Amino acid sequence: MKRWPWLVLLFALATGAACASGDDAASVDPTTTTAAGPGTTAGAPEASDGRPRIVLGGDSVMGNLAPGVIAALGDQVDAHYLAQARISGDAAARQAWADTIEEQDPDLVVVHVGSWEVLSPDFHPHDAAGFDAYATEQLDPFVELLTGGGAEVLFLGPAAAREEQRTVNLMSLNRELIALTERNPSVDFINAGTYVNDPTGGFTETLPGPGGVPVRIRRTDDPRLHLCPAGVVRLATPVLQWIDEHLDEPVTPVEGWDHGSWSVPPELDKPEQCPAVS
């Protein structure tokens, strides 16, 4: 397994248990679809320029994460971001995913969904029948859609929420995703909570940064599930390692990506939600 020089430090700073989270259900329209990259016509695959293709898709937590990952990868890959907060319970959402996969024909797909997904009418994980139905009727067909062209998939399990019941619901989603990896070799799972939860696996807004000085991980918006740049760097680190390990040619992070233009205004949206820790 390849290790990047800065990986060991960030791993040492980021510990936690398997808990769950997601994004603020009030901050994303689950039918909104956007992509970072050249415009395409729906259903018409883009001509390949020879670089690996990656789709980063999901809710507004992925919206926080994607700019950092894309900045780190630079021009080594052709990376696109799909803003789509659900993978089930919404025909328009499923069509958006299908259109993007057809257009991009990706080698790798990284997915983060959370608070919107657990509100899906098809998500009933609290009994065995509901758990199995979501697996076989929603997750498995969705992964088949993503992997039909040979792509490998990484699901990011959401981190702990501030509210206990929200965390319980999101933990149920994580259990579904872990079970998915056990039955499908094309799918991997990383628990975001390992990198942005507190050391006990619970919710936290801050964690030690370089030199042990606390840095803000979560935004101050309610319910504080979105990521500030320091949280993006923590979660992007294992995602970038996974990408590196799943491409034919190694990718090296762009120097200075962790404090690039994506992390400061004007590219950083609503910087007032990421005040310095006092």
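Let's shift gears to the pattern of salt bridges. Overall, the coordinates contain 7 salt bridges when judged by the stated rule. Linking Arg216 and Glu205 is a salt bridge whose minimum nitrogen-to-oxygen distance equals 3.3 Å. With Arg216 in strand β7 (residues 214-216) and Glu205 in the loop between α6 (193-196) and β6 (206-208), this residue pair connects regions lying 11 residues apart in the sequence. The closest approach of N and O atoms between Arg224 and Glu205, which form a salt bridge, is 2.7 Å. One end of the pair, Arg224, is in the loop between β7 and α7 (229-245); the other, Glu205, is in the loop between α6 and β6, and 19 residues separate them in sequence. Using a relative accessible area of 23% as the deciding quantity, one classes Arg224 as partly exposed. Because the salt bridges share partners, they merge into one network encompassing Glu205, Arg216 and Arg224.

Another aspect to go through is the pairing of strand β3 (residues 108-112). Extensive coverage of β3 is indicated by the burial of 5 of its 5 residues. Burial of β3 is two-sided: the residues Leu108, Val110 and His112 facing one way and the residues Val109 and Val111 facing the other way are all buried. Inspection of the sheet shows strand β1 (residues 53-58) paired to β3 by 5 bridges, in the parallel sense. Of the residues in β3, the one forming a bridge with Ile54 is Leu108. Bridge count between β3 and strand β4 (residues 152-157): 4 bridges; the pairing is parallel. Of the residues in β4, the one forming a bridge with Val110 is Leu154. Tracing the backbone out of β3, into helix α4 (residues 128-147) and back to the parallel element β4 gives a crossover that is right-handed.

Across 5 bridges, the pairing between β4 and strand β5 (residues 187-191) is parallel. From the neighbouring strand, Phe155 faces β5, where its bridge partner is Phe189. Note on the crossover from β4 through helix α5 (residues 164-183) to β5: the handedness is right-handed.

Let us now look at the sheet that holds β1. Spatial strand order, β2-β1-β3-β4-β5: 5 strands in an open sheet with parallel pairing. Whereas interior strands pair on both sides, the edge strands pair on one side only; in this sheet they are β2 (78-83) and β5. Across the sheet, the mean angle separating the axes of adjacent strands is 20° when strand polarity is ignored. Along the sheet, helix α2 (residues 60-73) contacts β1, β2, β3 and β4; its crossing angle with β1, the most-contacted strand, is approximately 160°.

Basis of the calculations
Residues numbered from 1 in each chain as written. Predicted model: local features only at pLDDT ≥ 70, side-chain atom pairs only at ≥ 80, totals over all residues. Heavy atoms only, no water. Salt bridge = Lys/Arg side-chain N within 4 Å of Asp/Glu carboxyl O. Helix = DSSP H or I, 4+ residues; strand = E, 2+ residues; numbered from the N terminus. Buried < 20%, exposed > 50% of the residue type's maximum accessible area, 1.4 Å probe, protein only. Pairing = 2+ DSSP bridges. Right-handed = clockwise from strand over helix to strand, strands pointing away. Axes fitted to C-alpha atoms, helices over the stretch in contact; angles between N-to-C directions. Contact = heavy atoms within 4.5 Å.

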